[in-house]
Amino acid sequence: MEFNAATGGGIAPNPYAPHFSPSTAAATTTASTFSPDAAPFAPSPVPHAPQAHPEIFVDGHVPILDGSFNGSVDGSVHYGHNSSGYEEGFHPNDSHHSHPHSGQHQDHHGMMPGGRGISNPPVGNEEYHELHTIVADGGDRYGVSAVAFDLHQELLWMGNQGGHVTSYYGPGMQKHSSFQPLPVGTETRQVLSIDNGVLILGNNRMRCSERGGLTIFDFSGEDMHDMQVMTLVDPTTLLIGGHQDKVIEFDLNSGQQVNLLDVGDPGVAIFRHTNRFICCGDTSGQVTLRDMNTFKVEHILKAHSGSLSDFDVHGNLLVTAGFSTRRGSLAVDRFLMIYDLRVMRAMAPMQLSIDPMFLRFVPTYTPRIVAVSQAGQFQMLELAGVMTPSSMAIHQLNTHGHMCMGFDISTSCEAFTFGDNGGLLHLWTDREEVLYNPYSHPTEFADHPEHLPAMSITDPLTPLASIHMPYENCHGPLLSDWPEECMKYVKRRMPPVDPEILASMKIVQFIGYAPNPGNKKRNQVPYRAKDLGITIPTSSPGATNPVPESPGARGESPRWYMVPKRYRKVEIKYTKLGVDSFDFRHYNRTNFAGLETNIPNSYCNAMLQVLYFIEPLRCAAQTHLCEKEFCLTCELGFLFHMLDMSKGENCQASNFLRAFRTIPEASALGLVLGDHEEATGKVNLGRLIQSWNRFIIQQVHQDIQEPKEEESEKSESEDTASTQAEKTPIEKMFSSEVTITSKCRCSKETTKATNVMVYGLNYPDISDPESKKKQFSFAEVLQSSMSSEQVTHAWCEDCNRYQPTTQSRKLKSLPDILAINCHLDGERDLLFWKSQEEKMPHFVPWDQLMRQKEEGSSKSAASQTRTVRPCRYGAHCTRSDCKFSHAAQDKEQTTVLSSAEILEMSLQEEAQAHWLPCGLRMGLTNGELKIEGLPEMEDVEKEKFTDEWAVYELTSSVCHVQEPRTGGNLVAHIKAGIPYHKRKEGITATQWYLVNDFAIAPMDKLDGVQYGMDWKVPCVLYFSRKDLNKRHDCQIHNPISEKVLFPEASLSSRVLKRHITFQPLGPEEMPKEGDLVALDAEFVTLNQEEAELHSDGTRSTIKPSHMSVARITVIRGQGPLEGTPFIDDYISTQEQVVDYLTKFSGIKPGDLDANISSKHLTTLKSTYLKLRYLIDRGVKMVGHGLKKDFRVINLFVPKDQIVDTVLLFHLTNKRMMSLRFLAWYFLHLRIQSDTHDSIEDARTAMQLYKKYRQLRDEQESDEFHKTLRKMYEEGRKVGWKPPDE
């Protein structure tokens, strides 16, 4: 036994604490045992009275991890540079950290004299949120293994797997102290605070230290081995247990072991105690209740059949979580076992939505408990069975894929803390200003030494008088005075004009005008050259100044002025006509369709375009159709059909994004953004789109697989081979078979086969000088990432505990499409990619290229300006070599480039070095993966397939254009293949395109592999086999048949037969090509329009209103039942409606509610399929203002199938006439008197179309034109409205 007292003193005893002396406990005691299936005990006639002292909640069993820490082996303190034993950076005179503040801070919250409080913990707001997530000390090397709130001061303690302990002060988590109490590589099992220090438990030793880090005593011995947990039963008595058959009783006064208690196998892994029992949990799944005074076994609770992960006790309730044995292996039990200690009865278990690993009671006025999973999810439950929003919510920690290893709750219940094996420490609170304890002692901080004010020798602004003279009575020159010949007075240089201003400047006569970028103060210029980003000119001839590193010294937008305009974020400008007056063709002169950005969560437009240009995926999505209301694959197929049918017109992904917002998994992963998150630009788009990429591939695979599984379950087959599930198209394209081998330290190996669809890049660490010099190829990084080997924490059945496990991954097959997430989220990874590009041959630094091209760019800009000047003769010019613009002839061909774009293009011509290859050669030889890069496009085209090697080419990439002020935007580089050009252009060619939402433009093929990393960062890469289309079915089998028009049941249970307003089509009435139908739709508002009023009275639209279709009516245009509706569907919506627009739509509150509606209610998908079938059959749609209707329905209709009456009765440059006025003028009908009715409007539109055909047959073109002019004259007289009767 060893006892090393560094200070020679012990801990003063508390004379008022109850004495604990289990030394008289008998080793063998008859104990009562019960399980959830056994009969309950009778209640005790005389219940124990509760003790006066408060209960202490400490951390439980923490799984074991191994590691090492680069600290002192002798346990010396490491926390700053002063000798006072505390972290530097805390100022005693600072109002945030000084002693007076600490005292005042506690007094305001009810501090009693002596620093102790006597009230219950306050009840906080139940809405807990993440306040801070920091990298703990040593988090880059070791994971967090123990966390605990200090019970006496406002400190949070953290211990890691390397034996290092750090404390953080207050909710700001400012480092207070940091030291190494355990040998390097020894895991910290538990941290427990006492009145004058902190106890740190390791595997075979325990140290008591002051909060500053100085050692009070150190305890170890032959009985200290494989220790796991400790608990204070009174202020001077400590119990220490572990995976052994002994429990050590330790006296904190003397610092010695006073007794050794026998508990038997498998020992104690978790300690809790009440005023009656000491509760001991072990790895066999049971909880043993022992007497507080004698340590005799009173009761045994057999909670779980496998093992116990955690339990907690509060008052008379005990709740456990653990593992169950299923088919010979352990599985997490999703039921919490609850026991009433008054009657020793098992209560009804509580089911969770997560895998519980840690449990803590929240001791407020209601019995609540927090359950935490190792995946970083936690849930707050009401044990009374009351369902509240907080108990139904599942909170997710931002663990970046690491496992949660520690959890604790502050005694005030205002703060939760979590630690994970990735080295992150999380703090969640229910308010901004929190206290860990109701009444805390003042925290002592290190004394901050006073320093003399620092003054740089190059600083001309600080007065020399601020430095005291060494001799007050010194007269005459000093030795440090500069002689006159060494001084020269020069005039101050003016800074260069911001290149962003020059790029946007317009010259009128001899004066240049440019918008103010707003990054400088008016009439103020910084004096110091380093604030301008320039260098002082030297005397060397020909010396020039480099271009500033950032425009106007903003610092936050590096080289933003160099970002070409085609990469910048595009926005739709709204007018009073909405988006109808916006010229989308200015941004897209191709025949491919862009996607609009005015829809929530449209950040995924770039990835949607990438998926569309994968021919087998496009065909598979359009072939898929299921009965689910919100199926992403169905909506993806509908969207791809729109992109196919469009000839350069922009489309919307509104229906797809509507279904996307309803997927629970998408919300749980944080992929569904709110309006505020998108508007502020505080979202990391690069990380978000990589998570979206992984989610959408898995979701489409599941959507296609579910109908096949249902069909296979219905069909019975005797052949076992046929019962195996057929691979989905997504699985065939993206999936690769992988074998994962897990090996424990005890040499036990387990093998599991799985499929991987998306791979993430893991970059080497180049922090050491040797690795920094080495050049890595992209193929090497990709190969190590796909065949990675990592150490993780997993349960070992042989060891019966969590052990560090080595997991290795081997590929058994190669995917046809290699989807890669670049994972360039950290500064270290960005630096690695950039350094590898700089090591490429013929690489020229960016700044050097800019200096070389500075003069050439200005000349190019000037020549470009002259080139686009209009010719004085216009279209009548006869010169074949005329260099000027001819308006009519060059309108489509001329593209005006800014000087920044010209400079960027010229830079690309020289900077041809790129680290990312244009293609890959991949092969599997005896289970070993081999990858070789193909640097250039020519290499990919020449490469041939062999039995050993498969050839992949880069077909698309998504990159993040960074701009901190707005969050930047996502763009895609896409290689459009021959099928797409043949379908759109009628030619056989391949071309790379830059897709920036609704802006699409051809680009150079090397743009997809060249990244400056200053403003363009790659996020997602897709490498496809060269023979991809030959290996997969690229035929579209239209799944929409005439069955969609058959009668269907209404979603509303209250609809009666007399409420049906339509008659379905009969078999003989099925539509044929050229048939006429009339359509009208009514809408409701989901989000109001956002507009801005200017001081001059003008109004501009910031964001248009978000509409949703509420009713769709289609009537027959011929036959005996002409004018009778065969579709009159009310569309059910799950989103909140802010305005039903009853005056214009006829929709009333309750019409769209399935519980109370008397209308024929159906889903949008069901009605959408009906309209799609009519369009696919070639039916002509007649209506009034159909462009808006089809836009909101999100349906593309060919122009030759649309008959819009608003255009039939319209003169050029005149206003559009309303349906109500046209019906009054031509048909002598009065409609829409009180409200709109879609059946009436559709019939009226059909009658107007027939009236139009009659007038065209009876009149010549000039006469019909006169008829329309008379209509406009009459409309002007009556104010464009039918006169009142």
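Throughout this document, residue positions are counted from 1 along each chain, in the order its sequence is written. A pLDDT threshold of at least 70 governs which residues receive local features in this predicted model, and a stricter bar of 80 or more applies before side-chain atom pairs are shown or counted, although totals over entire chains, interfaces and linings include all residues. As a rule here, side-chain values cover all heavy atoms of the structure and leave hydrogens and water aside.

**Q** Help me out: how do you make sense of the overall build of the protein chain in this one?
**A** Broken down by element type, the protein chain carries 29 helices and 55 strands. Looking at the protein chain as a whole, 49% of its 1285 residues qualify as buried. Residue pairs in contact within the protein chain that sit at least 24 positions apart in sequence constitute 63% of those at least 6 positions apart. By element, 50% of the accessible surface of the protein chain is carried by carbon and sulfur atoms, the whole surface being about 63600 Å². Strands here mean DSSP runs of E at least two residues long; helices mean DSSP runs of H or I at least four residues long; both are numbered from the N terminus. Type-normalised accessible area, obtained with a 1.4 Å probe on protein chains alone, sets the label of each residue: buried when under 20%, exposed when over 50%, and partly exposed for intermediate values. Note on definitions: a residue-residue contact is assigned when non-hydrogen atoms from the two residues lie within 4.5 Å. Per-residue and other accessible areas follow the Shrake-Rupley method at a 1.4 Å probe size, with only the shown protein chains counted as cover for residues.

**Q** Quick question: what am I supposed to make of helix α7 (residues 632-645) here?
**A** Here α7 is 14 residues long and its end C-alpha atoms lie 20 Å apart, about the 20 Å a rise of 1.5 Å per residue gives. Among the 14 residues of α7, 13 are classified as buried, and the element is accordingly described as predominantly covered. Under the convention used throughout, the expected extent of a helix is 1.5 Å for every residue step, that is, one less than its residue count.

**Q** Explain the pattern of salt bridges here, please?
**A** Once the charged atoms of two side chains with opposite charge are near each other, the side chains can pair. Put simply, a salt bridge is a Lys or Arg side-chain nitrogen that is within 4 Å of an Asp or Glu carboxyl oxygen. For the structure shown, the criterion picks out 46 salt bridges. A salt bridge links Glu706 to Lys628, with the shortest nitrogen-to-oxygen separation between them at 3.8 Å. Residue Glu706 is found in helix α11 (residues 685-714), and its partner Lys628 is found in the loop between α6 (615-623) and α7; the two are separated by 78 residues along the sequence. Judged by relative accessible area, which is 32%, Glu706 ranks as partly exposed. Of the residues examined, Lys628 reaches a relative accessible area of 32% and is grouped as partly exposed. Note that Glu797 and Lys748 form a salt bridge whose closest N and O atoms lie 3.8 Å from each other. A residue pair is termed long-range when its members are at least 10 positions apart, and Glu797 in the loop between β38 (789-796) and β39 (801-811) and Lys748 in the loop between β35 (736-743) and β36 (749-756) qualify at 49 residues. Through salt bridges with shared partners, a single network forms among Glu187, Arg189, Asp226 and Arg801.

**Q** Teacher, can you tell me more about the packing of α7 against helix α24 (residues 1164-1176) here?
**A** Packed helices, taken two at a time, are described by the angle their axes make and the gap between the axes. The convention used is that axes are lines fitted to C-alpha atoms, helices contributing only their stretch in contact, and that angles between N-to-C directions extend from 0 to 180 degrees. Running from amino to carboxyl end, α7 crosses α24 at an angle of 30 degrees, the nearest separation of the two axes being 13 Å. In the crossing of α7 with α24, the sense of the turn from one axis to the other is left-handed. Between α7, through Cys634, Phe638, His641 and Met642, and α24, the contact on the second element is made entirely by Lys1165, Tyr1168, Leu1169, Arg1172 and Asp1176. Handedness of each helix crossing follows the sense of rotation of the near helix against the far helix: counterclockwise by less than a right angle gives left-handed, clockwise gives right-handed.

**Q** Quick question: what am I supposed to make of the packing of α7 against helix α8 (residues 654-661) here?
**A** The contact between α7 and α8 brings their axes to 9 Å, and the two run at 170 degrees. Comparing their axes, α8 and α7 come out roughly antiparallel. Of the residues in α8, those in contact with Leu632, Glu635 and Leu636 of α7 are Asn655, Phe656, Ala659 and Phe660. Polar here means any residue other than Ala, Val, Leu, Ile, Met, Phe, Trp, Tyr, Cys and Pro, which are nonpolar, and Asp, Glu, Lys and Arg, which are charged; Gly is therefore polar. In terms of residue class, the contact of α7 with α8 is made up of 5 nonpolar, 1 polar and 1 charged. Oblique is the label for any angle not under 35 degrees, not over 145, and not in the 65 to 115 range, which are roughly parallel, roughly antiparallel and roughly perpendicular in turn.

**Q** Would you explain the sheet that holds strand β53 (residues 1161-1162) in this entry?
**A** Hydrogen bonds between backbone atoms are what pair the strands of a sheet, whose relative direction is either parallel or antiparallel. When DSSP finds at least two bridges between two strands, those strands are taken to pair. Strand order in the open sheet made by the 6 strands is β53-β52-β51-β48-β54-β55, with mixed pairing throughout. Of all strands in the sheet, those bounded by a partner on one side alone are β53 and β55 (1202-1204). When strand β54 (residues 1180-1183) meets β55, the two strands line up parallel, connected through 3 bridges. When the sheet's bridge partners are listed, Val1182 is paired in β55 with Val1203. Contacts from helix α25 (residues 1186-1193) reach β48 (1076-1087), β51 (1106-1116), β54 and β55, with the element oriented near 60 degrees to β48.

**Q** I tried to follow the sheet that holds strand β4 (residues 144-149) on my own but got confused; where do I start?
**A** One open sheet accounts for 4 strands, arranged β4-β5-β6-β7; its pairing is antiparallel. Where the open sheet ends on each side, the last strands, each with one partner, are β4 and β7 (174-179). Averaged over all pairs of adjacent strands, the angle between strand axes in this sheet comes to 20 degrees, irrespective of strand direction. With 5 bridges connecting them, strand β5 (residues 155-160) and strand β6 (residues 165-169) associate as antiparallel partners. Bridge pairing in β6 links Gly159 to Val165.

**Q** Would you take a moment to explain helix α5 (residues 605-612) for this structure?
**A** An α-helical turn contains 3.6 residues, so any two residues separated by three or four positions project in the same direction. With 8 of 8 residues buried, α5 is to be regarded as a mostly interior element. Those residues of α5 lying buried are Asn605, Ala606, Met607, Leu608, Gln609, Val610, Leu611 and Tyr612.

**Q** Would you explain the environment of Glu726 in this entry?
**A** Structurally, the position occupied by Glu726 is in the loop between α12 (720-723) and α13 (729-734). Using a relative accessible area of 53% as the deciding quantity, one classes Glu726 as exposed. The spatial distance from the C-alpha of Glu726 to the C-alpha of Gln705 is 8.6 Å, given a sequence separation of 21 residues.

**Q** How do you make sense of the state of the cysteines when you look at a structure like this?
**A** Cysteine pairs can be linked by a disulfide, which is a covalent bond between their two sulfur atoms. Any cysteine sulfur atom paired with another within 2.5 Å is treated as part of a disulfide. Taken as a whole and assessed by the stated rule, the structure comprises 0 disulfides. Looking at Cys1019, it has no disulfide partner, and the nearest cysteine sulfur is the one in Cys822, 6.9 Å off.

**Q** Got a minute to help me understand a positive patch on the surface in this structure?
**A** Judged by side-chain charge, Lys1214, Lys1266, Arg1269, Lys1270 and Arg1276 come together as a positively charged surface patch. Position of Arg1276 relative to the elements: it lies in helix α29 (residues 1261-1278). Patch definition: residues above 30% relative accessible area lacking any salt bridge, with like charges linked at up to 9 Å and the nonpolar side chains Val, Leu, Ile, Met, Phe, Trp and Tyr linked at up to 5 Å. Within this scheme the basic residues Lys and Arg register as positive and the acidic residues Asp and Glu register as negative, but His and the chain ends are omitted. Taken as the charge location is NZ of Lys, CZ of Arg, CG of Asp or CD of Glu.

**Q** What is the right way to look at the packing of aromatic side chains in this model?
**A** Geometrically, a pair of aromatic rings is defined through the distance of the ring centres and the angle of the planes. Side-chain rings of Phe, Tyr and Trp, where Trp is taken by its six-membered ring, are said to pair if the distance between their centres is within 6.5 Å; with planes under 30 degrees apart they count as stacked, over 60 as edge-to-face, and otherwise as tilted. A complete count under the given rule lists 48 aromatic pairs for this structure. Here the aromatic rings of Tyr763 and Phe832 are separated by 5.5 Å at their centres, their planes lie at 50 degrees, and the arrangement is tilted. Note that Tyr763 is positioned in the loop between β37 (758-760) and α14 (769-773) and Phe832 in helix α16 (residues 827-838), a separation of 69 residues in sequence. With relative accessibility at 0%, the residue Phe832 sits in the buried group. What links up through ring pairs into an aromatic cluster is the set Tyr763, Phe776, Phe778, Phe832, Trp833, Trp915, Tyr1011 and Phe1023. A ring is considered to have a charge above it if a Lys NZ or an Arg CZ atom is located within 6 Å of its centre and within 35 degrees of its normal. For the cation-ring pair, Arg1256 lies above Phe1264, with the distance from its terminal atom to the ring centre recorded as 4.8 Å.

**Q** Just to check I follow, could you spell out the confidence of the model for the protein chain for this structure?
**A** Caution is warranted with low-pLDDT regions, since their predicted coordinates should not be read in detail. When pLDDT is averaged along the protein chain, the result is 79; 79% of the residues meet or exceed 70. Per-residue pLDDT stays below 50 along residues 717-723; that stretch engages in 2 contacts with residues further than four places along the chain or on separate chains. Note on residues 888-900: pLDDT is under 50 here. Beyond four places in sequence and across chains, it has 18 contacts. One confidence number per residue, pLDDT, is output by the predictor and ranges from 0 to 100.

**Q** I tried to follow the pairing of β39 on my own but got confused; where do I start?
**A** For a regular strand, side-chain orientation follows a simple rule: the groups alternate between the two sheet faces. Pairing between β35 and β39: 6 bridges, direction antiparallel. Within β39, the residue paired with Ser742 across the bridge is Gln807. Across 8 bridges, β38 lies against β39 in antiparallel orientation. If you follow Cys796 over to β39, its bridge partner there is Arg801. The hairpin turn running from β38 into β39, its antiparallel successor, is 4 residues long, and Asn800 in that turn takes a positive phi close to 60 degrees.

**Q** Help me understand the pairing of strand β23 (residues 335-340) in this model?
**A** Across the 6 residues that make up β23, a large majority, 5, are buried. Sheet topology note: the strand β21 (residues 317-326)/β23 ladder contains 4 bridges and is antiparallel. Across the sheet, the residue bridging to Val319 is Ile338, located in β23. Here β23 pairs with strand β25 (residues 350-351) via 2 bridges, running antiparallel. Of the residues in β25, the one forming a bridge with Phe335 is Gln351. Pairing between β23 and strand β24 (residues 345-346): 2 bridges, direction antiparallel. The partner of Asp340 across the bridge, within β24, is Arg345.

**Q** I keep staring at the nonpolar core and nothing clicks. Help me out?
**A** Most often, soluble globular proteins have nonpolar side chains that are buried together. Only buried residues count toward a nonpolar core. Its members are Ala, Val, Leu, Ile, Met, Phe, Trp, Tyr and Cys residues joined through side-chain atoms within 4.5 Å. Counting 99 residues, the largest nonpolar core has Tyr603, Ile689, Trp692, Phe734 and Tyr1022 as the members making the most contacts within it. Tallying contributions element by element places α11 first for this core, with 9 residues. With 51 residues, the next largest nonpolar core counts Tyr763, Ala779, Cys918 and Trp1015 among its residues.

**Q** Honestly, the side chain of Asp644 in this entry has me stumped. Any pointers?
**A** Inspection of the secondary structure puts Asp644 in helix α7. The residues contacting Asp644, other than those within four sequence positions of it, are Tyr612, Arg618, Gln622, Arg983 and Lys984.

**Q** Please explain unusual backbone geometry as it appears in this structure.
**A** Trans peptide bonds make up most of the peptide bonds, and negative phi angles are found at most residues other than glycine. In this model, Asp265 is joined to Pro266 through a cis peptide bond whose omega is 5 degrees. Secondary-structure assignment places Pro266 in the loop between β15 (256-262) and β16 (270-273). Unusually for a residue other than glycine, Ser747 sits at a positive phi of about 75 degrees. Mapped onto the elements, Ser747 comes out in the loop between β35 and β36. Residue classification places Ser747 among the exposed positions, given a relative accessible area of 52%.

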